[in-house]
Amino acid sequence: MSVLAVGLDVVDVDRIARILNQHPRRAMERLLTDDERRYCQSKAFREQHVAVRVAAKEAAYKALAGDGEGGFMVWRDIEVRREVGGRPVLELRGRARVRAEQLGVSNVLVSLTHTAGHAAAVVILEGDGPGP
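Residues numbered from 1 in each chain as written. Predicted model: local features only at pLDDT ≥ 70, side-chain atom pairs only at ≥ 80, totals over all residues. Heavy atoms only, no water.

A. How the structure looks around the overall build of the chain. A tally of regular secondary structure across the chain gives five helices and five strands. Reading the chain from its N end, one meets helices and strands in the order β-α-α-α-α-β-β-α-β-β. The globule rule puts the C-alpha radius of gyration for 132 residues at 14 Å, and the 14 Å found for the chain is close to it. Expressed along its principal axes, the backbone C-alpha trace of the chain runs to roughly 40 × 30 × 25 Å. Surface exposure of the chain reaches about 7100 Å², of which carbon and sulfur atoms provide 48%. Charge centroids of the chain, computed over 20 positive and 18 negative side chains, lie 6 Å from each other. (Helix = DSSP H or I, 4+ residues; strand = E, 2+ residues; numbered from the N terminus. Rg over C-alpha atoms; globule rule 2.2 N^0.38 Å. Areas by Shrake-Rupley, 256 points an atom, 1.4 Å probe, with all protein chains shown as cover. Lys, Arg positive; Asp, Glu negative; His and termini not counted. Charge placed at Lys NZ, Arg CZ, Asp CG, Glu CD.)

B. Broad picture of the pattern of salt bridges. Scanning the entire structure with this criterion turns up 13 salt bridges. In this structure, the salt-bridge partner of Asp34 is Arg37, at a minimum N-O distance of 2.2 Å. Note that Asp34 and Arg37 are positioned in helix H3 (residues 34-41) at a spacing of three residues, about one turn of the helix. With relative accessibility at 39%, the residue Asp34 sits in the partly exposed group. Here Glu79 ties to Arg81 by a salt bridge, and the two come within 3.0 Å at their closest N and O atoms. Here the salt bridges share partners, and the residues they tie into one network are Asp35, Arg38, Glu79, Arg81, Glu91 and Arg93. (Salt bridge = Lys/Arg side-chain N within 4 Å of Asp/Glu carboxyl O. Buried < 20%, exposed > 50% of the residue type's maximum accessible area, 1.4 Å probe, protein only.)

C. Spotlight on the packing of H3 against helix H4 (residues 46-65). Where H3 contacts H4, the two axes come as close as 8 Å, and the packing angle between them is 145 degrees. Residue-level contacts link Glu36, Tyr39 and Cys40 of H3 to Arg46, His49, Val50, Arg53 and Lys57 of H4. Here the residues of the contact of H3 with H4 sort into three nonpolar, one polar and four charged. (Axes fitted to C-alpha atoms, helices over the stretch in contact; angles between N-to-C directions. Contact = heavy atoms within 4.5 Å. Nonpolar A, V, L, I, M, F, W, Y, C, P; charged D, E, K, R; others polar.)

Below you can see the structure in the form of structure tokens.
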């Protein structure tokens, strides 16, 4: 197995907070899956948790898009989940999953970090396929 692609994204938490304040329901429904919404809404600083999920989705999109063929994915095609120990994992659904299969992706790694001001994510796609 080898690295097929890497995606990186950084999000400004204040920007996400403004979006959530202006369009709270619409933004949450558009950006997050049902499970992600429940998780973020349970947190004291929900904007940080939403921002890091947006960063992860953007990083995954960048890794999957490669040559531009992945441009048809939507926010909810990528979900940030947590394993029992708290480690984040990405679940690819719908068009994101189809794109990963086209690229020969067999494993997706994700690393997340956030502060009061910024959220960042790195996504690594591994597999035996041709890559993007």
